[in-house]
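Structural features, examined
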Amino acid sequence: MSEIDERHPAITPRRVKFDWADTPLHWIPGEPVATHFINVLHLLLPAGERWFVHVYKQTLPLVEDDERLYREVKGFMGQEAVHAYSHQGVLDRQMLARGLDPRPLTLRIEWMFKRLLGDRSPLPGISRRRWLHVRIGVIAGIEHYTAALGQWILDARELDEAGADPTMMDLLRWHGAEEVEHRSVAFDVYEHVAGRYWMRFVAFFLGVLAMPLMVYAGAVYLCRADPTLKGVRPRIRDYRRAVRRGLFPSNRFMVDAARAYLRRDYHPSRECSTQRALDYLAVSPAARAAGHRAS
């Protein structure tokens, strides 16, 4: 058995499909608030990952001198495009079909990525090229967290024990496994194009500090828009209860991930496990079906 290259595994898009016909609105039984805390991912990811692809289309000419990195960026873009499409399916065919309309909030999220993080810097005096470097740094920081969360969801047996819907779990774990698989690409792109530690530090906080607020605001919206919930509003104790049950990562987990990324000697290949990701992809119903279609 050949040894896995943790830094440079093969990165190939898997054209997965999911059927949401039997997935209930509250796909963690008896846990509508915890369900919606995780459902915030479906609000953020389609717009966010389309933005990743948009930024990297501008980045490709800057990595043409490194053939392997160029090839990995193309694979990364392909995987992210499928991620965006797959999570959009939850919004269009799982939430809307059950009376929860996410579009008022997803339109605002689209605006944020297109305007605040668009091609023109919102700050005066920053050149277009420097702004591109900042956005590449933001993506590197976000990708560190998506890989850490990908590893978390692969290992979150408590969700299975709580009876979480298997199709939703397959979506989350397939996506998480691919985030682990391509976890080095965004960081290697940043190092190749910009490479300054201070900018990596600043870009990380630009991309990540808003995360807790966005998760809470998204959960508030989903609970308010949920036709089966009357006056329910997520509270801090709801979050803490979900963490205690193992249904959601803790603040400690998020802080530890930040500390790892901000080390000067950090590299994603030393975090998470490609083997763990590949082990799941080998049994994922959606990934296996995509492999059969491709063959």
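See the structure printed just above.
Being a predicted model, the structure only gives us computed values, none of them experimental.

Moving on, we come to the packing of helix α4 (residues 128–155) against helix α12 (residues 274–281). It is the contact of α4 with α12, at a shortest axis distance of 11 Å, that shows an interaxial angle of 55°. If you check the angle between α4 and α12, you find them oblique. The two elements α4 and α12 meet at a crossing, and its hand is left-handed. Contacts from Q151, L154 and D155 in α4 reach R276, A277 and Y280 in α12. For the contact of α4 with α12, a count of residues per class yields 3 nonpolar, 1 polar and 2 charged.

Before going further, it helps to examine unusual backbone geometry. Here C272, not a glycine, exhibits a phi torsion of approximately 65°, which is positive. In this fold, C272 is placed in the loop between α11 (251–261) and α12.

For the rest of this paragraph, the subject is a nonpolar patch on the surface. A surface patch of nonpolar side chains, amounting to about 410 Å² of accessible area, comprises W198, F201, V202 and L206. Using a relative accessible area of 35% as the deciding quantity, one classes F201 as partly exposed.

A word on the packing of aromatic side chains. Within the structure shown, the criterion is met by 16 aromatic pairs. With a centroid separation of 5.6 Å and an interplanar angle of 40°, the aromatic rings of W51 and F113 are classed as tilted. Placement of the pair is W51 in helix α1 (residues 32–59) and F113 in helix α3 (residues 103–116), with a sequence separation of 62 residues. Accessibility classification places W51 together with F113 in one group, the buried group. Relative to F76, the ring of Y56 lies with its centre 5.2 Å away and its plane at 40°, an arrangement referred to as tilted. Residue Y56 is located in helix α1, and its partner F76 is located in helix α2 (residues 67–95); the two are separated by 20 residues in the primary sequence. When sorted by exposure, Y56 lands in the same class as F76, which is buried. Among the aromatic residues, those joined into a ring-pair cluster are Y145, F187, Y197, F201, F204, F205, Y261 and Y266. Cation over ring: R200 sits above Y261, and NZ or CZ is 5.2 Å from the ring centre. It is R264 that lies over the ring of Y197; its NZ or CZ is 4.2 Å from the centre.

Each value, and the rule that gives it
Residues numbered from 1 in each chain as written. Predicted model: local features only at pLDDT ≥ 70, side-chain atom pairs only at ≥ 80, totals over all residues. Heavy atoms only, no water. Axes fitted to C-alpha atoms, helices over the stretch in contact; angles between N-to-C directions. Helix = DSSP H or I, 4+ residues; strand = E, 2+ residues; numbered from the N terminus. Parallel < 35°, antiparallel > 145°, perpendicular 65-115°, else oblique. Left-handed = near helix turned anticlockwise from the far one by under 90°. Contact = heavy atoms within 4.5 Å. Nonpolar A, V, L, I, M, F, W, Y, C, P; charged D, E, K, R; others polar. Patch = residues over 30% accessible without salt bridge, like charges linked within 9 Å, V, L, I, M, F, W, Y side chains within 5 Å. Areas by Shrake-Rupley, 256 points an atom, 1.4 Å probe, with all protein chains shown as cover. Salt bridge = Lys/Arg side-chain N within 4 Å of Asp/Glu carboxyl O. Buried < 20%, exposed > 50% of the residue type's maximum accessible area, 1.4 Å probe, protein only. Phe/Tyr/Trp six-rings, centres within 6.5 Å; stacked < 30°, edge-to-face > 60°. Lys NZ or Arg CZ within 6 Å of the ring centre and 35° of its normal.

So far we have only geometry, and geometry alone does not tell us how the molecule works.
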